[in-house]
Protein chains: 2
Amino acid sequence: MELRQLKYFLKAKELLNFTEAASALYISQSTLSQQIKQLEDELQVPLFNRIGKRITLTEAGDLFAVYAQQSINKASDGLELLKDLNNLETGKVAIGVTYALRHVVTKALILFSSQYPKIQFEIVFGTSQELIQKLNHFQLDVILTFEEIASEAHFKYLELFTSPMALVTASETPLTNKKSISLDEVSSLPLALPSSGFSTTQFINKAFEKSNLHPNVTIEINDIPTLLELIKTGKWHTILTKTTIENEEDLHAIPISGKNMTRTAMLISLKEVYEKKAVVAFLKMLMENVTT
Amino acid sequence: MELRQLKYFLKAKELLNFTEAASALYISQSTLSQQIKQLEDELQVPLFNRIGKRITLTEAGDLFAVYAQQSINKASDGLELLKDLNNLETGKVAIGVTYALRHVVTKALILFSSQYPKIQFEIVFGTSQELIQKLNHFQLDVILTFEEIASEAHFKYLELFTSPMALVTASETPLTNKKSISLDEVSSLPLALPSSGFSTTQFINKAFEKSNLHPNVTIEINDIPTLLELIKTGKWHTILTKTTIENEEDLHAIPISGKNMTRTAMLISLKEVYEKKAVVAFLKMLMENVTT
DNA sequence: ATTTCTAAATCGGTTTTATCGATTGATTTT
DNA sequence: AAAATCAATCGATAAAACCGATTTAGAAAT
């Protein structure tokens, strides 16, 4: 039993005339006759009565037609769904983001959703390591993070933009009017930093090491909103990429001077995995939004 | 898209291993690989990610699998239904009966239904002409009537039994103790007969004509139960086959003497039309019940 | 690093089968 | 009685399903 045969059968049932049905199906009458016969042989029951040259449905044919139609419908429903998927009428996008790039995603998300309201999103915040692991387990379509030290061969990387590392302070401090600040100056300030799992922290610690500086880290915390809350008190400072606090009220970012004091935001996805249309469209929108 | 390909796809999805899936499907790995590829080409979307030697489902594959499964299920449901049909688990039997043979059908019907309770019946009472027309329009599977004058080539005839024409009277009349009665005697009695559309009436009128007798018909009526009601009053007599009143209380049948004063009950069905299993089984039971 | 192993893709050839055109046989229409 | 119609059948051809062998490329083992 094949869908082709079911289609032939239903057309023959509809027209009750093999010659016309064959013509409507763009096949020869002999082909239709043979295919119907083959189907009947397989089902072990005639679907049509052959009374002379006239044909009529048998009871079996009548009953079977319902299921034949449903089988075809289900298959074409599946096809329809895939079309929708390509037209972004459905589908799910799973994105991993490091907290530093929160605003990049949210801005694009708001824009994209208004244009393609049917696409579902799952946004996962986490450290780069966590996200990369999920990406490898096919739990994420793409992750948005700052460049990693080690690049992996089965990943596809796409640069988005660069953002300077910055000392983040409350809005009103003696430092506020500075255009930039040296790493040396930073090391003397009371710092509250993200935990060591965060790549930003790893990055800045490496910089301190290189310069033989010993920063004054009094707090380590693994939740950025809480960290920012503390910074707003004015009692601590922190170090983040400038992008991280782009839309934050009551905070001020002073770029840290020196070479290599910038980080590059990247999109990371798996090579060789089929790219969902919805993901491609979303990333396109995200990138357009970022460069402007 | 063919059911074969959907089956292949689902097995590959289940095992996530083309080699094993091919083995489970009793086809070669190369065939499976090709068929999946062909399906993907038609759907215009990959169903599997080929990441190195591992394969995983794509989102499209995951979504499509649901419909693929449903399509297959519907087809196999149809197959199942046809099996049931052969096993008399379902199906409809449409029988046309002339009223004279009512008891023959009801007796068989009660017996058959207890053995095959799921079979549906449609019993149509009517004159032979009406029933034959319906048979020709495929609205009936078989009709049960007395032999027709003209036999048609596209009908299949099966004799059941013969039954004498009889004068039907109320239980208590001066005639009750007679073993038989001549047509001549009958013609002098006040008669209430079925309408001229009934074959029994046509049959008896022809007999009267042949003998140059003029029966005393005071009532013609096209409903047999009503006719019998009138006979029970004792004011009229009627002429029917003996079988007709076999199970009737308060009525008495006196066979009419003379040659050709019997009628043959027959099963009539269409030649060349597929015989429903349920119909065949029912008729078998009916015939066994009639001969005993 | 190198080798071995494994699994999917690919290639060339074979078998199967879906298809066609022509014909036949039977029925209906003219 | 002749012509037209329609499904079935036949023989031939083209399509495609299938296979075994080979290739390719990760993964695992050495």
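From a predicted model like this one, the values you see are computed outputs, not experimental measurements.

The rules we used
Residues numbered from 1 in each chain as written. Chains lettered and ligands numbered in written order. Predicted model: local features only at pLDDT ≥ 70, side-chain atom pairs only at ≥ 80, totals over all residues. Heavy atoms only, no water. Axes fitted to C-alpha atoms, helices over the stretch in contact; angles between N-to-C directions. Helix = DSSP H or I, 4+ residues; strand = E, 2+ residues; numbered from the N terminus. Parallel < 35°, antiparallel > 145°, perpendicular 65-115°, else oblique. Nonpolar A, V, L, I, M, F, W, Y, C, P; charged D, E, K, R; others polar. Phe/Tyr/Trp six-rings, centres within 6.5 Å; stacked < 30°, edge-to-face > 60°. Contact = heavy atoms within 4.5 Å. Buried area = accessible area lost by both parts, 1.4 Å probe. Salt bridge = Lys/Arg side-chain N within 4 Å of Asp/Glu carboxyl O. UniProt positions renumbered as here; feature names shortened; annotations may be inferred.

1. Points about the packing of helix H4 (residues 59–86) of chain A against helix H4 (residues 59–86) of chain B
Between H4 of chain A and H4 of chain B, whose axes approach to 9 Å, the crossing angle comes to 180°. As summarised for this structure, H4 of chain A and H4 of chain B are arranged roughly antiparallel, according to the angle between their axes. When the residues that make up the contact of H4 of chain A with H4 of chain B are grouped by side-chain class, the tally is 18 nonpolar, six polar and six charged.

2. Digging into the packing of aromatic side chains
Under the counting rule described, the total for this entry stands at 18 aromatic pairs over all chains. Of the aromatic side chains, those joined through ring pairs into one cluster are Phe9, Phe18, Phe48 and Phe64 of chain A.

3. What about the interface of chain A and chain B?
At the junction of the two partners, chain A supplies 39 residues and chain B supplies 38 residues. Overall, the association of chain A and chain B removes approximately 3700 Å² of surface from exposure, summing both partners, and the carbon and sulfur fraction of that is 69%. Seen at the junction of chain A and chain B, the total is four salt bridges. Notably, a salt bridge pairs Arg4 of chain B with Glu2 of chain A, separated by 3.8 Å at the nearest N-O pair. Secondary structure elements with two or more residues in the side of chain A that touches chain B: helix H1 (3–15), strand E1 (48–51), strand E2 (54–57) and H4 of chain A. Top element by residues in the side of chain A that touches chain B is H4 of chain A. It accounts for 16 residues. Taken together, the residues that form the side of chain A that touches chain B break down as 19 nonpolar, ten polar and ten charged.

4. Observations regarding the UniProt feature "domain: HTH lysR-type" (unreviewed entry) in chain A
The sites that UniProt annotates as "domain: HTH lysR-type" (unreviewed entry) are residues 1–58 of chain A. Helix makes up 60% of residues 1–58 of chain A and strand 14%. Its end C-alpha atoms lie 18 Å apart.

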